[in-house]
Structure formats: structure tokens, C-alpha cells
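# Chain and residue survey
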Amino acid sequence: FFFNDTATTEIYLFPYTTLFRSRGSRFLFTVRLERPGREPQGAGFEGWRVLVADGRETSRAALAGMLEEAGCRTRTADTADAALEKFQEAARLNQPFQVVLLDWSLPGASHLLARIRSVPAPPAVIAVTSKPFADDRAGIGALLAEPVQPAGLARALREVLPQAAAPGGASG
């Protein structure tokens, strides 16, 4: 991006397409943008079964994509009721989730958390929130602030790792 304004303002987007002309001053600046840190593949989460419960489709897809890139197997749900169904189905199939990512603004999130915590050997729960967390953290292993970045998600997963049962059934 180049902004040139002496007697005539010309705003260019490379490769030098004039977008706007007027009179004024001259400005030249450079903006350096960095990509958010990415957790490398093979980060120690291969095979982990993770349930993502989020009411926003874009957030669900982004979280699932980051988890799958880190080697996790994910299922997603758009409501607390759908998440509870998938949670119970996985338990019936003897393929329980090790981690649940729960959007704390999802209607019914606290009820879902209570149901999850009531099972023997419950999964670790990571609450995803865009607001300061003032609620009781009982049953929540980690908090993850939105917007979620891959490195932050990996930190949260590592934080709950000791309380999550490993994919093979052993604690890890």
C-alpha cells in the first residue's frame, strides 16, 4: 500500500492501480503483518477425541480445523443438547471424549457442564469465552479467550492434559 499526497492525493494498491485522487499531504508507511503462531503438527495430541460445542458455525469450524491440524479427532455440536447427545453416544460406543471445548456463551452450557462432570472419569473441559470469566470455574480445566489462536489452543490442551484420559485409556 502506498499513499502519496503532495498537490494531488493518489492512493495506490500494488501493482499501482490508482484508487483515489484529491489535494493534500504526502504519507508513506509500511505495515508489517505476522501470521499468528501455529502449533506444529505432531504436537502430542494425535488421536485425542475432542467434542467442540459452539453455537457459531465459523467458530466451530475454526476450532475443529485447528484441533484436526494438531492430530485430534473432533466432533462438533451447535447446541448444548446436540453436544450432550454426541457425548452420550461416544460413551455408549466406548469411545469417550478426552476433552470438551465448550463455548461458555452457548445457551445451556452450565447444564451441559454439570452433565459432563457427573459421569465417572469425566473429560477435561476447556471453556471458550470472549468475556471475562466471573462464573464458578468448578469443573473447568482451562479457559481459552476468543479469538482463539492455534498456540493458545495448544497451551490450553497442555494445561488439561494431566486431567484427561489418554486415547489409549491410560491417564496422561
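A short tour of the structure in this document, coming up. Keep in mind it's a predicted model, so treat the numbers as computed, not measured.

Counting 22 residues, the largest nonpolar core has V50, L67, V99, L101, I126 and L153 as its most contacted members. Elements represented by at least two residues in this core include exactly β4 (49-53), α1 (57-69), β6 (99-103), β7 (124-129), β8 (142-145) and α4 (150-160). Setting aside residues no more than four positions away along its own chain, L67 makes contact with V50, V52, C72, T74, L101, L153 and L157. Core analysis: the next-biggest nonpolar cluster, separate from the first, contains 20 residues, A77, A109, I116 and A127 among them.

Attention shifts here to α1. Note on helix geometry: an α-helix contains 3.6 residues per turn, so any two residues three or four positions apart are oriented the same way. Between its first and last C-alpha atoms α1 spans 18 Å; for 13 residues at 1.5 Å apiece the expected length is 18 Å, and the two agree. Buried within α1 are the following residues: S59, R60, L63, A64, M66 and L67. One side of α1 holds all its buried residues, which, seen down the axis, span an arc of 160°. Every exposed residue of α1 that faces more than 90 degrees away from the buried side is listed here: E57, T58 and A61. Where α1 is buried, its residues contact β4, β5 (73-77), β6 and α4. G71 sits one or two positions beyond α1 and adopts a positive phi of about 100°.

Moving on: the side chain of D54. Within the fold, D54 resides in the loop between β4 and α1. Discounting residues that sit within four places of it in the chain, D54 has contacts with S59, R60, L63, A77, D78, D103, L106 and E146.

Right, let's talk about the sheet that holds β4 for a bit. The strand order across the open sheet formed by five strands is β5-β4-β6-β7-β8, and the pairing between neighbours is parallel. Every interior strand has two partners, whereas the edge strands, β5 and β8, have only one. On average, adjacent strands in this sheet sit at an angle of 20° to one another, irrespective of strand direction. Pairing between β6 and β7: five bridges, direction parallel. Its bridge partner lying in β7, L101 is registered against I126.

Reading the values: rules and limits
- Residues numbered from 1 in each chain as written.
- Predicted model: local features only at pLDDT ≥ 70, side-chain atom pairs only at ≥ 80, totals over all residues.
- Heavy atoms only, no water.
- Core = buried A, V, L, I, M, F, W, Y, C linked by side-chain atoms within 4.5 Å.
- Buried < 20%, exposed > 50% of the residue type's maximum accessible area, 1.4 Å probe, protein only.
- Helix = DSSP H or I, 4+ residues; strand = E, 2+ residues; numbered from the N terminus.
- Contact = heavy atoms within 4.5 Å.
- Expected span 1.5 Å × (residues − 1).
- Arc of directions from axis to C-beta.
- Pairing = 2+ DSSP bridges.
- Axes fitted to C-alpha atoms, helices over the stretch in contact; angles between N-to-C directions.

Geometric values such as these leave the question of function open.
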